[in-house]
Amino acid sequence: MSQQPQAAVGAPMSRVDGRLKVTGQAKYAADHDIDGVVHAVVVDSSVARGRITGIDTRAADALHGVLGVISHLDRPSLAYRDNPGPFPGRRLRVFQDDAVRFMGQPVAVVVATTLETAQHAADLVKVSYAAETPSTDLTRSPAVDGPAPFARPYTRGDAQEALGSADVRMDMTYRLSRNHHNPMETQATIARWDGGRLTVWDKTQHVLGTRNELAAVFGIPQENVRVLSPFVGGAFGNALRTWPHVTIAALAARELGRPVKLALTRRQMYFTVGYRPAYEYKLSLGSTRRGRLTAMTHEMKYETSRYEQFWEANQALGQMLYAVPNVSQHVQTVPLDVSTPMWMRGPGYGSAAFVIETAMDELAHELGIDPIELRLRNEPGEDPSTQQPFSTRRLRECFRVGARAFGWHRRDPRPRSTRDGDWLIGTGVATGCYDVFLGQAEAHARLDADGTAVVQSATHDTGTGTYTSMTQVAADALGLPMRQVTFRLGDSAMPPAPPQGASQTMATVGSAVQDTCDKLRQQAITLAVEDERSPLHGVDADDVVAGGGRLHVKGAPARGETYRRLLARNHRTHLEARGSWAPEENSRFSMYGYAAMFAEVAVDARLGLVRVRRMLGVYDAGRIISPKLAESQAVGGMVGGIGAALLEHTVTDHRDGRIVNANLADYLVPVNADIPDLKAVYLDGEDYKADPIGVKSLGELVQIGVAPALANAVFHATGRRVRNLPITAEALL
């Protein structure tokens, strides 16, 4: 069965939902106009650990417009049936006891007819506590072994012996601060009950996960819960699980018999919806004088909550990125009186890459070897951790292309060797790498008699461009112009799809869309070749292609007909198909995406201020479905990496567990003035060993490697090695 050469995939298409967004017609979670909706505001704990001894709601109850105040004192009935979450431990069960486990924990909710009334009433609720001293400091609290099976100790060879006999040994400790996601859209939920059925409009990266969680919490069948999330205003990982406010909104709606809207404030986002955890990471490496790595040991610990064991994939890079014969890894978590962390863009990989890639730069300086050359000398021929061949690994080409475009050959390797007036100029490089994470998905497609198609799957668009990229795949598979294809998503009633996280959406859902639309096209071709009145009657189906809304013989475009004519003649209102895709259970290949990151910084010699001058990322990311979207992803990833490297730092007062910079005035994120010349280059190619459409992970990959490239550039500029993130002016003075 043939298909026309693709026209939409690979073309720089503008976002199909762009007009809706710029005109304000795209509806985010809090924007939906639901009849009879009332407003809820959460009352947060003002201690980080202890017991609630009393809740006085009299002043709030007396306020005109207040419909109710709900807390554990009301003993709300919640089932909390078994629905295993992403992390080991007992998830937070809201309003079920008097225990306070972290600062900002929801302890009550006020519901009123207007938002202003609910906000005022929440301020009037008086909560008393028997407070205990919290433990919130990663460096002063005991660690435990990381949760199995996600953090098993890893060993190959004898790393300690190899370190002892190495020509060069380096022992380093790195510390990474806690980071918060800070998407533009804060978390919000609208909940409505119709008898025993619950409908929720939610900000989520997994409508099916939210559906399943709510069904488990309220003890109702999953088919009685519908979750809608057509637009998400950024998330970066913090909408990958169902947080307490979602349950609270649904609980309030059930108790009061009214639809309830609950939107978190920016401040509340810092306490209850996750963050990238703080790390302490000790790395030792051994090498020959010629720069051949002989050993690496990784000792890492990071924060989690006491009531759950957070985990993230932080071990892979230490096992497979370089050809190191002797490796050991030990991962620990530190249970604290804090809320549970959550995966943040480039989870685990980003933290590990900062350590490994900064250490590689330190080694290059120690040996007097160019940092790119050192990396190339340690390129593996196969995955050292599995002995599997790489599906593709074009990292050498990434560095070659990047070095030429960036002008790396003009670099004087001596630190503090280049100045521009009062500014010290430095350049740095780092490797980025992220695995090709694959899930399973289904899709449904319908071709209508008017020649238009509707394709749908319960996936998501967090600003990544899913509406556009899936429309491109579907349009080419069906041989239709993009304007005649509509892709729908964000509804738990649609065919199932995985969370939009771990950069799996394009490969997984895109492959399901391809399969579905291939089946639908085949239906139309079969109908045509079996129709005696069709110009295609009797033609071998494999010789029929689709393009421009028509089916025709390959190489003979005049012999064919439109979909509209075919369906009308056969009295069909539509054709439809359902397809799916899932990866092989045991892949024979090691599958990763790769990046070579280049950065140039200027550091004020007197003040220690760091300014990014330019960045370049060169990526081996498989087939690029949408170049405009890929460019946007790369720029966004670099911006996030700049934030992590130079600005972002959640500050906790360890005396009481309070986050003191829980706002965008004091928690610094990059703004336009911080963002200079950012460029991305994607190598031509595809990876059909990974999936049928040849793509790789992209959304995570583009951030990993940014922070170490900047840190290495700062060292080159100043001669001062900073092993803590973010890199502050104080550290450089």
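This structure is a prediction, so every number in the text was calculated from the model and none was measured.

(A) Focus on the overall build of the protein chain. The number of helices and strands found in the protein chain is 17 helices and 31 strands. Computed over C-alpha atoms, the radius of gyration of the protein chain comes to 27 Å, within 12% of the 27 Å expected from 2.2 N^0.38 for 733 residues, which places it in the range of a compact globule. Considered along the principal axes of its C-alpha atoms, the protein chain spans approximately 80 × 75 × 50 Å. Across the 733 residues that make up the protein chain, the buried fraction comes to 62%. Within the protein chain, residue pairs in contact and separated by at least 24 positions form 82% of the contacts whose partners lie at least 6 positions apart.

(B) Focus on the pairing of strand β10 (residues 188-194). Counting buried positions over the 7 residues of β10 gives 5, a clear majority of the element. One ladder, built from 4 bridges, connects β10 with strand β13 (residues 260-263); its direction is antiparallel. Looking at β13, one finds that Ala188 is bridged to Ala263. Where β10 and strand β11 (residues 197-202) come together, 6 bridges link them in antiparallel fashion. Following the sheet pairing, Thr189 is matched in β11 by Asp202. From the end of β10 to the start of β11, which pair antiparallel, there are 2 residues, and Gly195 there has a positive phi angle of about 65 degrees.

(C) Structural detail: the packing of aromatic side chains. In this structure the tally under the stated criterion is 19 aromatic pairs. Note on Tyr592 and Tyr594: the rings are 6.5 Å apart at their centroids and 45 degrees apart in plane angle, and the pair reads as tilted. Considered together, Tyr592 and Tyr594 belong to a single accessibility category, that of buried residues. Here the aromatic residues Phe87, Phe150, Tyr279, Tyr302, Phe310, Trp311 and Trp343 are joined through ring pairs into a cluster of three or more. The ring of Trp243 has Arg241 sitting right over it, with the charged end atom 5.2 Å from the ring centre.

(D) How the structure looks around the nonpolar core. Membership of the largest hydrophobic core comes to 139 residues, with the highest contact counts inside it found for Phe598, Met615, Tyr619 and Tyr682. No other element matches the 11 residues that helix α9 (residues 349-367) contributes to this core. Not counting residues within four places of it along the chain, the set of residues in contact with Phe598 comprises Ile372, Phe399, Gly402, Ala403, Phe406, Trp408, Gly428, Val429, Arg614, Met615 and Leu616. Formed by 56 residues, the second largest nonpolar core is a distinct cluster that contains Val9, Val436, Ala475 and Val513.

(E) Structural view of the pattern of salt bridges. One pass over the full model with this rule turns up 41 salt bridges. The partner of Arg140 in a salt bridge is Asp137, and the shortest N-O contact between them spans 3.8 Å. Judged by its relative accessible area of 74%, Arg140 is exposed. Notably, a salt bridge pairs Arg400 with Glu397, separated by 3.7 Å at the nearest N-O pair. Taken together, the positions of Arg400 and Glu397, both in helix α11 (residues 395-406) and 3 residues apart, correspond to about one turn of that helix. Overall, the relative accessible area of 46% leaves Arg400 in the partly exposed class.

(F) Looking closely at helix α13 (residues 505-529). A rise of 1.5 Å per residue sets the reference length of α13, with its 25 residues, at 36 Å; its end C-alpha atoms lie 35 Å apart and thus fit the reference within 8%. In terms of residue burial, α13 counts as a mostly covered element, since 20 of its 25 residues are buried.

(G) Main features of the environment of Ala602. Relative to the helices and strands, Ala602 resides in strand β26 (residues 592-604). Sequence separation of Ala602 and Thr718 is 116 residues, and the distance between their C-alpha atoms is 9.3 Å. Apart from residues lying up to four places away in sequence, Ala602 is in contact with Trp423, Leu424, Ile425, Leu609, Val610, Arg611 and Arg613.

(H) Looking closely at the sheet that holds strand β5 (residues 106-112). If you trace the 7 strands from one edge of the open sheet to the other, you get β3-β5-β1-β13-β10-β11-β12, paired in mixed fashion. Each end of this open sheet is capped by a strand with a single partner; those strands are β3 (66-71) and β12 (225-228). Averaged over neighbouring strand pairs, the angle between their axes works out to 20 degrees when direction is ignored. Pairing of strand β1 (residues 38-44) with β13 involves 3 bridges; the strand directions are parallel. Residue pairing in the sheet places His39 in a bridge with Lys261 of β13. Across the sheet, helix α3 (residues 115-124) touches β1, β3 and β5, and the angle it forms with β1 is around 20 degrees.

The rules we used
Residues numbered from 1 in each chain as written. Predicted model: local features only at pLDDT ≥ 70, side-chain atom pairs only at ≥ 80, totals over all residues. Heavy atoms only, no water. Helix = DSSP H or I, 4+ residues; strand = E, 2+ residues; numbered from the N terminus. Rg over C-alpha atoms; globule rule 2.2 N^0.38 Å. Buried < 20%, exposed > 50% of the residue type's maximum accessible area, 1.4 Å probe, protein only. Contact = heavy atoms within 4.5 Å. Pairing = 2+ DSSP bridges. Phe/Tyr/Trp six-rings, centres within 6.5 Å; stacked < 30°, edge-to-face > 60°. Lys NZ or Arg CZ within 6 Å of the ring centre and 35° of its normal. Core = buried A, V, L, I, M, F, W, Y, C linked by side-chain atoms within 4.5 Å. Salt bridge = Lys/Arg side-chain N within 4 Å of Asp/Glu carboxyl O. Expected span 1.5 Å × (residues − 1). Axes fitted to C-alpha atoms, helices over the stretch in contact; angles between N-to-C directions.

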